[in-house]
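One-letter residues, chain by chain:
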Amino acid sequence: MALRAKLPKILIHLVLILFGILCIIPLISIISVSLSDETTILKNGYSLLPQGLNLHAYAYVLYKPVQLLNALKVSLLVSVFGTVVSLLVSAGISYVLSREDYKYKNKLSFYVFFTMLFNGGLVPTYMLISKYLHLKNTLWVLILPYLAIPWFILILRTFMQKIPHSIIESCMIDGASELRIFFRIILPLAKPGLATVGLFTLLQYWNDWWLSLLYIEKESLVPLQFMLYRMINNIEFLTRSTNMMPPGMNNVVVPAETARMAMAILAAGPMLAVFPFFQKYFVSGLTVGAIKG
Amino acid sequence: MAKATKNRFKNTQHKKSLQLTMLALPAMVAIFVFSYIPMAGIFIAFKNVNYEQGIFRSPWVGFDNFNFFFTSSDAWTVVRNTLGYNIVFIAVGTLLSIIFALLLNEIMSRKVLKAYQTMFFFPYFFSWIIVAYMAYSFVGPYGIVSGWLEDLGVNFDFYTETWIWPFLLIFINIWKGLGYTSIIFYAGILGISQEYFEAAAIDGANQFQMIRKITIPLLMPLITIMTLLSIGKIFYSDFGLFFFVPREIGQLYPVTQVIDTYVYRMLRQSGDIGMSSAVGLFQSLMGFAVVLFSNYLVKRVNEENKLF
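Residues numbered from 1 in each chain as written. Chains lettered and ligands numbered in written order. Predicted model: local features only at pLDDT ≥ 70, side-chain atom pairs only at ≥ 80, totals over all residues. Heavy atoms only, no water.

## Focus: unusual backbone geometry
Glycine aside, the phi torsion of most residues is negative, and most peptide linkages are trans. We count it as follows: Classification of residues uses two cut-offs on accessible area relative to the type maximum, computed with a 1.4 Å probe and protein chains only: under 20% is buried, over 50% is exposed, and between them is partly exposed. Secondary structure follows DSSP: runs of H or I at least 4 residues long count as helices, runs of E at least 2 residues long count as strands, and numbering of each begins at the N terminus.
For His134(A), which is not glycine, the phi torsion reads 50° and is therefore positive. In this structure His134(A) comes out as exposed when scored by relative accessible area, which is 58%. Phi angles above zero are rare outside glycine, and Arg247(B) is one such case at about 55°. Relative to the helices and strands, Arg247(B) resides in the loop between helix H11 (239–244) and helix H12 (253–256).

Have a look at this one:
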């Protein structure tokens, strides 16, 4: 009887644990490969556990990492700057949309969310950015197009709608300006929402390859993800300018397979490290409400 | 006197909306530049663009670009792939997300819950390029799954077999998005007032009855929003999934080429601007039509749940 009562619980945990494992196994597999010995890998194939634990792949990737460091610099700069600006810009419009008493609320709502349903398509956007705005091969092109993403605005606005209007009203009675209310009252109160959307925005910038695929040809502006893409078929990209093996590894095979996975780990790592800081706010910040005004 | 007060009130009101508009302005500008100006560029679809004359002076060709696309042998394949995958993604993805949200809702211990959420969110953190590497580490020539199959005496080259890719792509897409969408639905469930459940418990309702009669109906607005938004994107695909994960292997195109990758490759390879924008316009208009229609259907069933 006791077992029968517990059975559903056990089943639920079983399903969740299985999927949880499924979610982390691929990460474990690429970590294992990156730590494995290249010749063993070539002989036996990949496995979930490292074969012949060593750091050759990382030594290879990090030896004279001129291009790697440059890509890291581009990614960091774009992600940090982009996230801060985008969050401010999105929070501004989200707050305005959350104000029931704003005169043009419905019109503004339509203006923002219509772009989720209709857009001009790849070609006109590409023409505009490259031919008319001349943003090709600049850092700006990696930042500006993602400044105001309607989906994130929707999440933030829904969160801000939950802030009681009486707080705003009492500030107004005290004579605070709208700007002051926004910066002093709303932003601190919207912390969970801002943290959640902030994390999404950070990921959006950090993981982006789309903008660099279209608009970046200059070597010095290649971000990490794009560099990783070019290495899918050609590990040499990494060491083109410094075509050498680290000292002491001269008689070893070029660790092409393992180095690729080491690079993937280096590119994914920072975001995984950042997650715990956001998790506290996560579920409460992630509510999505109706689009209609 | 009364008039003066009214005027002053009107003035402060005016000042307030002005200040609020200023707050919204930066985002309005960004959206205008990167979303609305390109919309004006849809006329390119009706032109035969050549570089000497530029896009404005190139000759008008009516619907030639559209004809050219729809009479090509690729049109059917890419439209079928795009719609087919999306329908499966929406149906299976939504269903599984709701199920997982409900399962998560049964977990009482905060620590365990957090552990699950963290694990489920992992895939969302990886870019499609990293996911492509991961897929390769399983099904590539040295891959783990390929190795297992080899041990069983089967020599299976995933990157040349077309039939397996629909399954792989559906699996990978669901795997990557499930944590994210299930947490959105889970947050929605948390928003439901506990009073309903307490009242139902007093009336002797069991867990399944509560889910059927309380959770699902109250979650319906959110489910509808999410589904309608996905339906609006039914003619678009996750470019990264279809471009990076199956790699650039032409042999697999019959099952991996979707409208987005087709337009991109066409643009890169042949530089056919007119036709690419014709396809883009087709995508936008069809998606818009489909979402208007589904919203109309939703409205007829339940006015409350409509998207707009």
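## A look at the pattern of salt bridges
All names here are of chain A. As a reminder of what qualifies: Each salt bridge in this description consists of a side-chain nitrogen of Lys or Arg and a carboxyl oxygen of Asp or Glu lying within 4 Å of one another.
In the structure shown here, the tally under the stated rule is six salt bridges over all chains. Taking the shortest distance from any N to any O, the salt bridge between Arg-99 and Glu-178 comes out at 2.8 Å. With Arg-99 in the loop between helix H4 (66–98) and helix H5 (105–117) and Glu-178 in helix H9 (residues 178–189), the pair connects residues that are 79 residues apart, well separated along the chain. Residue class for Arg-99 comes out buried when judged on its relative accessible area of 2%. One salt bridge in this structure joins Lys-136 and Glu-217, with 3.6 Å as the shortest N-O distance.

## Describing the domain arrangement of chain A
All names here are of chain A. What counts, and what does not: Where each domain starts and ends comes from a domain assignment, either automatic or drawn from a database. Accessible surface is computed with a 1.4 Å probe, and the buried area is the amount of it that two parts give up when combined, taken over both parts together. Each polar contact in these results corresponds to two N or O atoms within 3.5 Å; when the atoms are within protein, one needs to be able to donate a hydrogen and the other to accept it, and residues that are neighboring in sequence are counted only if both atoms are side-chain atoms.
Entries for chain A in the domain assignment read domain 1 (1–54) and domain 2 (61–293). Carbon and sulfur atoms supply 77% of the area that domain 1 and domain 2 bury against each other, a total of about 910 Å² over both sides. For the pair domain 1 and domain 2, the interface holds zero salt bridges. For the pair domain 1 and domain 2, the number of links is one residue pair in polar contact (both at pLDDT 80 or more). Residue assignment for the side of domain 1 that touches domain 2 shows that the elements contributing at least two residues are helix H1 (2–35) and helix H2 (38–44). Here the side of domain 1 that touches domain 2 gets five residues from one element, more than from any other, and that element is H1.

## Here's the deal with the side chain of Ser17(B)
Operational definition: Throughout, a residue-residue contact means that at least one pair of heavy atoms, one from each residue, lies within 4.5 Å.
Of note, Ser17(B) is situated in helix H1 (residues 2–40). Residues within four places of Ser17(B) in sequence aside, it is in contact with Tyr102(A) and Lys103(A).

## Describing a nonpolar patch on the surface
Residue and element names in this part refer to chain A. Using the following cut-off: Residues enter a patch when their relative accessible area is above 30% and they make no salt bridge; the linking distance is 9 Å between like charges and 5 Å between nonpolar side chains (Val, Leu, Ile, Met, Phe, Trp, Tyr). To measure how exposed things are, a 1.4 Å probe is used in the Shrake-Rupley method; for residues, cover is taken only from the protein chains shown.
Residues Leu-76, Val-80, Val-84, Leu-88, Leu-179 and Phe-183 make up a contiguous nonpolar surface patch of roughly 530 Å² in combined accessible area. Among the secondary structure elements, those contributing two or more residues to the nonpolar patch are H4 and H9. In terms of residue count, the dominant contributor to the nonpolar patch is H4 (four residues). Accessibility expressed as a relative area gives 41% for Leu-179, which makes it partly exposed.

## Some words on the interface of chain A and chain B
Which entries qualify depends on this criterion: Gly is placed with the polar residues, together with every amino acid not listed as nonpolar (Ala, Val, Leu, Ile, Met, Phe, Trp, Tyr, Cys and Pro) or charged (Asp, Glu, Lys and Arg).
Contacts between the two partners involve 99 residues from chain A, matched on the other side by 93 residues from chain B. At the boundary of chain A with chain B, total buried surface from both sides reaches about 8900 Å², with 77% on carbon and sulfur atoms. Our count for the chain A to chain B interface comes out at zero salt bridges. Taken together, the connections running from chain A to chain B amount to 18 residue pairs in polar contact (both at pLDDT 80 or more). If you tally residues by element for the side of chain A that touches chain B, the top one is H1(A), at 16 residues. Taken together, the residues of the side of chain A that touches chain B break down into 74 nonpolar, 17 polar and eight charged.

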